[in-house]
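Residue-level structure breakdown
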Amino acid sequence: MKQPALKTVAQMANLADRYISAWGTEASVPDSTLYDLLTSLGYDTRNDETLLASAEKKHKEGVLSPVQVIRDDEPLEVALHLGTSARESDFSWRIDTEQGECFEGYLQSQIVRDERREGGPLVFNLPCTLPWGYHRLSVMRKRRKTPYEMTLIVAPARCYMQPELDQHKKMWGPSIQLYTLRTPHNWGIGDFGDLKQLVSDLASRGADFVGLNPIHALFPANPEAASPYSPSSRRWLNLLYIDVSAVSEFALSAKAQQLVGSADFQRRLQAVRETHWVDYSGVAALKMAVLPLLFEEFKQRHLTQDTARGRAFLDFVEQGGDSLKQQATFDALHQHLRADDDSIWGWPVFPEKYRRYESAATQAFVEQHQDSVHLYMYLQWIAQGQIEEAQRLAEEKGMAMGLYRDLAVGVSDAGSETWSDHSPLVLDASIGAPPDVLGPLGQNWGLPPFDPHALKETGYEAFIELLRANMQHCGALRIDHVLGLLRLWWIPKGKNATEGAYLYYPVKDMLAILALESHRHQCSVIGEDLGTVPDEIVDLLRDAGVHSYKVFFFETSKDDGGFISPAHYAEQAMATLCTHDMPTIRGFWHCDDLKMGQELGLYPDESQLQALFDGRLKAKQGILDSVRWHGMLPEGVGDDARYVPMDGYLSRALQLHVAAGQSALLSVQLEDWLEMDKPVNIPGTVDEYPNWRRKLSVNLDALFSKEEVNQLARDLTRVRQHASRQSVA
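An account of the accompanying structure is given in this report. (Residues numbered from 1 in each chain as written. Predicted model: local features only at pLDDT ≥ 70, side-chain atom pairs only at ≥ 80, totals over all residues. Heavy atoms only, no water.)

1. Examining the pattern of salt bridges
The following threshold applies: The term salt bridge refers to a side-chain nitrogen of Lys or Arg lying within 4 Å of a carboxyl oxygen of Asp or Glu. Under the DSSP-based scheme used, a helix requires at least four consecutive residues in state H or I and a strand at least two consecutive residues in state E, with every element numbered from the N terminus. Each residue is placed in one exposure class: buried if its accessible area under a 1.4 Å probe, protein chains only, is under 20% of its type's maximum, exposed if it is over 50%, and partly exposed if it falls in between.
In this structure the tally under the stated criterion is 47 salt bridges. In this structure, the salt-bridge partner of Lys 196 is Glu 389, at a minimum N-O distance of 3.2 Å. Residue Lys 196 is found in helix 5 (residues 192-203), and its partner Glu 389 is found in helix 11 (residues 370-396); the two are separated by 193 residues along the sequence. Note on Lys 196: relative accessible area 28%, which makes it partly exposed. Put simply, Asp 306 and Arg 311 hold a salt bridge, and the shortest N to O gap is 3.7 Å. What makes Asp 306 partly exposed here is its relative accessible area of 48%. What emerges from the salt-bridge pattern is a single network uniting Lys 7, Asp 17, Arg 18, Glu 26 and Asp 31.

2. With respect to the sheet that holds strand 5 (residues 91-96)
Worth spelling out the cut-off: Any two strands between which DSSP finds at least two bridges are classified as paired. Angles shown run from 0 to 180 degrees and are taken between the N-to-C directions of axes, each axis being a line fitted to C-alpha atoms and, for helices, limited to the stretch in contact.
Taken together, five strands build an open sheet; the order of strands is 3-10-9-5-6 and the sheet is mixed. The open sheet is flanked by strand 3 (67-71) and strand 6 (102-106), the only strands paired with a single partner. Across the sheet, the mean angle from the axis of one strand to that of its neighbour is 20°, orientation sign disregarded. Examined bridge by bridge, strand 5 and strand 6 share five bridges and lie antiparallel to one another.

3. So, the packing of aromatic side chains
The line we're drawing: Side-chain rings of Phe, Tyr and Trp (the six-membered ring for Trp) are treated as a pair once their centres are within 6.5 Å; stacked means planes under 30 degrees apart, edge-to-face means over 60, and tilted covers the remaining angles.
Enumeration according to the criterion identifies 26 aromatic pairs in this entry. Consider the rings of Phe 330 and Trp 419, whose centres lie 5.4 Å apart with planes at 70°: the pair is edge-to-face. In this pair, Phe 330 is assigned in helix 9 (residues 308-338) and Trp 419 in the loop between strand 15 (402-407) and strand 16 (429-433), connecting sequence segments 89 residues apart. Arranged with centres 5.8 Å apart and planes meeting at 65°, the rings of Phe 552 and Phe 553 form a pair that is edge-to-face. Side by side, Phe 552 and Phe 553 carry an identical accessibility label, which is buried. By way of ring pairs, the aromatic residues Phe 219, Phe 330, Phe 350, Tyr 357 and Trp 419 are connected into one cluster.

4. Focus: the sheet that holds strand 16
The following threshold applies: In what follows, a contact means two residues having at least one pair of non-hydrogen atoms within 4.5 Å.
With antiparallel pairing, four strands are arranged side by side in an open sheet as 17-16-19-20. Every interior strand has two partners, whereas the edge strands, strand 17 (443-447) and strand 20 (501-504), have only one. Direction aside, the axes of adjacent strands within the sheet are offset by 50° on average. Strand direction decides the pairing type here: strand 16 and strand 19 (residues 487-492), joined by four bridges, are antiparallel. Across the sheet, the residue bridging to Ile 431 is Trp 490, located in strand 19. Where helix 2 (residues 31-40) meets the sheet, it contacts strand 16, strand 19 and strand 20, and its direction lies at approximately 100° from that of strand 19.

5. Overview of the nonpolar core
The cut-off we apply is this: Residues belong to a common nonpolar core when they are buried Ala, Val, Leu, Ile, Met, Phe, Trp, Tyr or Cys residues joined through side-chain atoms within 4.5 Å.
Counting 204 residues, the largest nonpolar core has Leu 195, Tyr 378, Trp 490, Leu 514 and Trp 673 as its most contacted members. For this core, the leading source of residues is helix 11, giving 13 residues. Here Tyr 378 is in contact with Val 247, Glu 249, Leu 294, Phe 295, Phe 298 and Phe 313, once residues within four sequence places are set aside. Within the second largest apolar cluster, 23 residues are counted, among which are Leu 80, Ile 95, Cys 128 and Leu 152.

6. Some words on helix 5
Threshold: Given a helix with a known number of residues, its expected span is that number minus one, times 1.5 Å. Two N or O atoms count as a polar contact when they lie within 3.5 Å, although within protein this holds only if one can serve as hydrogen donor and the other as acceptor, and sequence-adjacent residues are included solely when both atoms are side-chain atoms.
Between the first and last C-alpha of helix 5 there are 16 Å, a value that for 12 residues agrees with the 16 Å anticipated at 1.5 Å per step. Most of helix 5 sits inside the fold, with 10 of its 12 residues counted as buried. Taken as a whole, helix 5 has its buried residues at Phe 192, Gly 193, Asp 194, Leu 195, Gln 197, Leu 198, Val 199, Asp 201, Leu 202 and Ala 203. Of the surrounding elements, those touching the buried residues of helix 5 are strand 11 (171-176), strand 12 (209-212), helix 11, strand 15, helix 20 (670-673) and helix 21 (700-703). Residue Asp 191 occupies the N-cap position of helix 5, its side-chain oxygen lying 2.9 Å from the main-chain nitrogen of Gly 193.

7. As for the state of the cysteines
Rules: Criterion for a disulfide: a pair of cysteine sulfur atoms at a distance within 2.5 Å.
What the rule picks out here adds up to zero disulfides. Cys 128 supplies the cysteine sulfur nearest to Cys 102, a cysteine that is in no disulfide, at a spacing of 9.9 Å. Between Cys 578, a free cysteine, and Cys 591, which holds the nearest cysteine sulfur, the sulfur-to-sulfur gap is 13 Å.

8. Some thoughts on helix 10 (residues 360-368)
Spelled out, the test is: The directions from the helix axis to the C-beta atoms form the arc being described.
Among the residues making up helix 10, those that are buried are Ala 361, Thr 362, Phe 365 and Val 366. The arc enclosing the buried residues of helix 10, seen along the axis, measures out at 150°, which places them on a common side. Those residues of helix 10 that are exposed and angled more than 90 degrees off the buried face are Ala 360, Glu 367 and Gln 368. Where helix 10 is buried, its residues contact helix 9 and helix 11.

9. Section: the side chain of Ser 565
Topologically, Ser 565 is positioned in the loop between strand 22 (548-551) and strand 23 (573-576). At 3.0 Å, the side chain of Ser 565 and the side chain of His 630 are in polar contact.

10. Observations concerning the side chain of Lys 695
The criterion, for reference: None of His or the chain ends enter the tally, which takes Lys and Arg as positive and Asp and Glu as negative.
Relative to the helices and strands, Lys 695 resides in the loop between helix 20 and helix 21. Buried within the structure, Lys 695 lacks any salt-bridge partner; its nearest side chain of opposite charge belongs to Asp 279, at an N-O separation of 8.6 Å. Those residues in contact with Lys 695 that sit more than four places away from it in its chain are Thr 180, Arg 182, Gly 188, Val 272, Arg 273, Thr 275, His 276, Trp 277, Val 278 and Met 676.

11. Some points on the environment of Ala 570
Within the element layout of this structure, Ala 570 appears in the loop between strand 22 and strand 23. For the pair Ala 570 and Ala 664, spaced 94 residues apart in sequence, the C-alpha separation works out to 8.3 Å.

12. Quick look at the packing of helix 19 (residues 648-659) against helix 22 (residues 707-728)
So the rule is basically this: In what follows, roughly perpendicular refers to angles from 65 to 115 degrees, roughly parallel to angles under 35, roughly antiparallel to angles over 145, and oblique to any angle outside these ranges. Throughout, a crossing is termed right-handed when the near helix is turned clockwise from the far one, and left-handed when it is turned anticlockwise from it by less than a right angle. Note that Gly is not counted as nonpolar here; it falls among the polar residues with everything else outside the nonpolar set of Ala, Val, Leu, Ile, Met, Phe, Trp, Tyr, Cys and Pro and the charged set of Asp, Glu, Lys and Arg.
Packing of helix 19 against helix 22 leaves a shortest axis separation of 9 Å and a crossing angle of 25°. In terms of orientation, helix 19 and helix 22 fall into the roughly parallel class. As for the relative orientation of helix 19 and helix 22, their crossing is right-handed in sense. Of the residues in helix 22, those in contact with Arg 652, Gln 655, Leu 656 and Ala 659 of helix 19 are Leu 712, Asp 715, Leu 716, Val 719, Arg 720 and Ala 723. Classifying every residue of the contact of helix 19 with helix 22 gives six nonpolar, one polar and three charged.

13. Considerations on unusual backbone geometry
The backbone phi angle of His 168 is positive, close to 70°, even though this residue is not glycine. Structurally, His 168 is set in the loop between helix 4 (163-166) and strand 11. Residue His 168 is classed as partly exposed on the basis of its relative accessible area, which comes to 30%.

14. Regarding the packing of helix 13 (residues 461-470) against helix 14 (residues 507-521)
Orientation of helix 13 relative to helix 14, taken along the N-to-C sense of each, is 35°, at an axis distance of 10 Å. Considering the relative orientation of helix 13 and helix 14, their crossing is right-handed. Here helix 13 contributes Phe 463, Ile 464, Leu 467 and Arg 468 to the contact with helix 14, which in turn contributes Met 510, Ile 513, Leu 514, Glu 517, Arg 520 and His 521.

15. A closer look at the environment of Asn 47
By the secondary structure assignment, Asn 47 is in the loop between helix 2 and helix 3 (48-58). Asn 47 sits 12 residues away from His 59 along the chain, and the two C-alpha atoms are 18 Å apart. Polar side-chain contacts of Asn 47 include one of 2.8 Å to the backbone nitrogen of Thr 50.

Purely spatial values, then, with no claim about function.
Dropping the structure here:
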């Protein structure tokens, strides 16, 4: 029986019409969802005839594919899609490598196989050894003026790892939300200056890295849009993290110093420092009152005088290219429009003439407001310089890895990255997760996904640039929801998460590019692989050298539900007790997350809530049993979890229990060192809880003056060193 047109085209688009649910059963995707998603991908879904015709046009093979990715362990074979009448003797080829080398040859002598009579390609071999990189392959044909061309990407089989990791060193460090850091001198939000202080404090205590939340560009004109996982752009940085007083021009600007020294400014500064929650609007108002004055000083002293510092900025602008111009234009225009109307939250509510970056009105704005656009370029330059200083300091202090950055899974559909006609992001769909036990309605993150077909047609340019931007000035990159390299749960615009389907991506190509950029930046890769993990991705990630993510509370046996000993975790992994989407250790132990969820109305089903409380008690007892069995608790302690409070001793025991495991990397939380209970984020909430705002309870000086903190750091270093020796042995 002939397959229906809808199913045929869905297969061509790598859109799955069924999937295995969290309950282990096969679930079917409604036809309406497939139609909606194919429409969002640019197929003509008016009827079967138009659907098939548009699919044939979209998937028609050119003589050469636009891009081919080849790994070290694969042969250099290229497919040509030619008719049977084409003569092999009419063709020659040429490779221009990224490094400037040139290789040439004739097709006829390199043919591997000819499958044209069966509807397949003519495959030929390239008899040369190519270095890693991005090369240009041209195939010339007699009597044809224009050659056929493709991008040929040659990549290593595995991601980069620091020499210390290859030597089985067990590292530890904290994963932090940068905005939570408190110091007596910051401006109400943790900044890059605080990060340098934290790096120094931790390096002297044996840590090898500091993990950061995403530091992507947010919305300077709308600072309350504060989620680091819904950024304006993942290519650029959050300007609120600039340490204003550390900018060179601050010490030279009389205007800036006079403003900051005024009684009113100091009063406002003290107010934002003393809050327990980041006052984003207050912080932004203070910083954006001073930073333009520093830019004025920079122009007068450096741009007009053509100094080395001025030329360094101009080099940065040239290297940033159109991406930097687009980001700076967006921020300047957003600020300009919001000054008259504070309801302008993003480009979907800009005046119609400004809703695309390429529009004549937007380009006219750039010409008329060049100073404003250049200001935001300058601020990106300052931010890049400060994060670079933090990484350089980490290296000087002997950290094996230094900073590790976090790449969010997507961007806001209202920010600069989607504000272009050339964006490979699909605005008529968003990504999320299908229903599961804890989220029976699924999750819709409201983030537009990459179109995999558009990525391939453009030689994966957007993906490559994204990796390059985020692998700068760090020793590792954590990829949020790394399973998205294989597949993402697509949801049609305006629909619920239950009405989605999985779209599959060219995972092998993307992993190879990830490995190439990883080596170029000497940047290890950590993949956040939590949730429903399809079997086919596990081996792919491991073989590609991507570190897995092991959260202790989630690592339980399928047989008896007991907690798996960290001694059995994979070495190629990062282990941790908690994440930013979970309660702190103290919050978990006291069920504060469940109690708060009940108060916020997240658990309307009383029976479901009671089951969660019962499950938590069982989990606590299992944790105590596991920790005591491994000698981290005295005999008799923890016989009944109902009567064991979370205190500093138990928190320390849990952290050392995971530290003694086999995973190469151990992530800890400063909140747990301070026995804090409030989380930084409660998934599923927007206005119900002040997500991404909660600060640490004390400043960094007070944190590292605590003897119990210093002792824990010493113990973590000692236990990790012992685990290293066991691995080598």
